[in-house]
Structure formats: C-alpha cells, structure tokens
Amino acid sequence: FDITSTKSPEFLKKNPIGKVPVLETDKGFIFESGAILRYVSRLAPAAGLYGNSFYEQALVDQWIDFSTTELDNVLAPWIYPVIFSKFQANPQTTELAKKSAVRSLTALNTYLETNTFLAGQRLTSADIAVAGSLLLPVQTVMDDEFRKPFK
C-alpha cells in the first residue's frame, strides 16, 4: 500500500478525507478506526467483542470514544513529531500533551484498579481500542519514568 495514494481520486471515493484506515465491505466502505472496530465487533455477536448487554455495549462505546478523544487526540502532539518527520516538536505543546496524558491515564488506571476489563468480565473491543491507542506511545515516548505512576 502506497500511503501517497490516499489523495488519489480513486481512494477519495473510499474515504473523502483521504486517510487510512478504510474497510471495504460488500455494502461499501467504512472509514475511521472506531467505526471499523464497532462494525467488525458486531459481525459475530456471540463472540462478545461488542459486549453482552446494552450496558456493556455502552461501556464499549464509552471506552472506544475515550481512546480517540482522551488518548489519540491528547497524545498526538507528543508522539507525532517523534514518528512523522513533517511535524515539528513544540516544547510547550509537548508538555501540555504530557499533562493531559497523565490526566487520561490516571482516570484509566483508577478504573482498572477495580475492573479487570473495560466493559464486562471479558476482553471486548473497548480493551482493543485502548490498547491500540497506547501501543505506539508506550513504544516511543512513554519511558519507564513516565509510566511509573500507572500500574
């Protein structure tokens, strides 16, 4: 896959914003990570990835949204200059991102002190979304000292 092809007219028919990921289904295209995760999770309801009750499904939605708004968006100013050469680091923005990340991770840590999983008693798409949002930051910018307060 050539990432520069995301601006081609052909790709823009799949996602008018010109970004990845995009999932092609027999009914059409789905873009945005959360939408794709929700779609895939609902394909096999018995697997329980989208929760086993309306309440668990709401928790799955809550944590998928959290992963986008409180992790991805918060961490972007800190991580993007490290992984993408076109982004310039700004020390003030990086510090603000770190402080915001501490707030988000503290909330997540507090929740997980009394819950093994984010939605119900088993792994769901909520856990997958949050883990996915944290993987690259943990691998690149969140060193041992930063992670120390979080269990």
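Conventions used here
Residues numbered from 1 in each chain as written. Predicted model: local features only at pLDDT ≥ 70, side-chain atom pairs only at ≥ 80, totals over all residues. Heavy atoms only, no water. Core = buried A, V, L, I, M, F, W, Y, C linked by side-chain atoms within 4.5 Å. Buried < 20%, exposed > 50% of the residue type's maximum accessible area, 1.4 Å probe, protein only. Helix = DSSP H or I, 4+ residues; strand = E, 2+ residues; numbered from the N terminus. Contact = heavy atoms within 4.5 Å. Axes fitted to C-alpha atoms, helices over the stretch in contact; angles between N-to-C directions. Parallel < 35°, antiparallel > 145°, perpendicular 65-115°, else oblique. Left-handed = near helix turned anticlockwise from the far one by under 90°. Nonpolar A, V, L, I, M, F, W, Y, C, P; charged D, E, K, R; others polar.

A few words now on the nonpolar core. Trp-78, Leu-105, Leu-108, Val-130, Leu-134 and Met-142 are the most contacted members of the largest nonpolar core, which has 25 residues in total. Only helix 3 (54-83), helix 4 (91-112) and helix 5 (125-140) provide two or more residues apiece to this core. In terms of residues, this core owes the most to one element, helix 3, which gives nine residues. Sequence-distant contacts of Trp-78, that is, excluding residues within four places in its chain, are made with Thr-94, Ala-97, Lys-98, Ala-101, Val-141, Met-142 and Phe-146.

One way to put it is that helix 3 packs onto helix 4 with a least axis distance of 7 Å and a crossing angle of 155°. For the element pair helix 3 / helix 4, the angle class is roughly antiparallel. For the pair helix 3 and helix 4, the sense of crossing is left-handed. Contact with helix 3, carried on its side by Leu-59, Trp-63, Phe-66, Glu-70, Leu-71, Val-74, Leu-75, Pro-77 and Trp-78, involves Thr-93, Thr-94, Ala-97, Lys-98, Ser-100, Ala-101, Arg-103, Ser-104, Leu-105, Leu-108 and Tyr-111 of helix 4 and no other residues of that element. Each residue belonging to the contact of helix 3 with helix 4 can be placed in one class, and the counts come to 13 nonpolar, four polar and three charged.

With that out of the way, let us pick up the side chain of Arg-38. Tracing the sequence through the fold places Arg-38 in helix 2 (residues 33-43). In this structure, Arg-38 is in contact with Tyr-50, Asp-61, Ile-64 and Asp-65, ignoring residues within four places of it in sequence.

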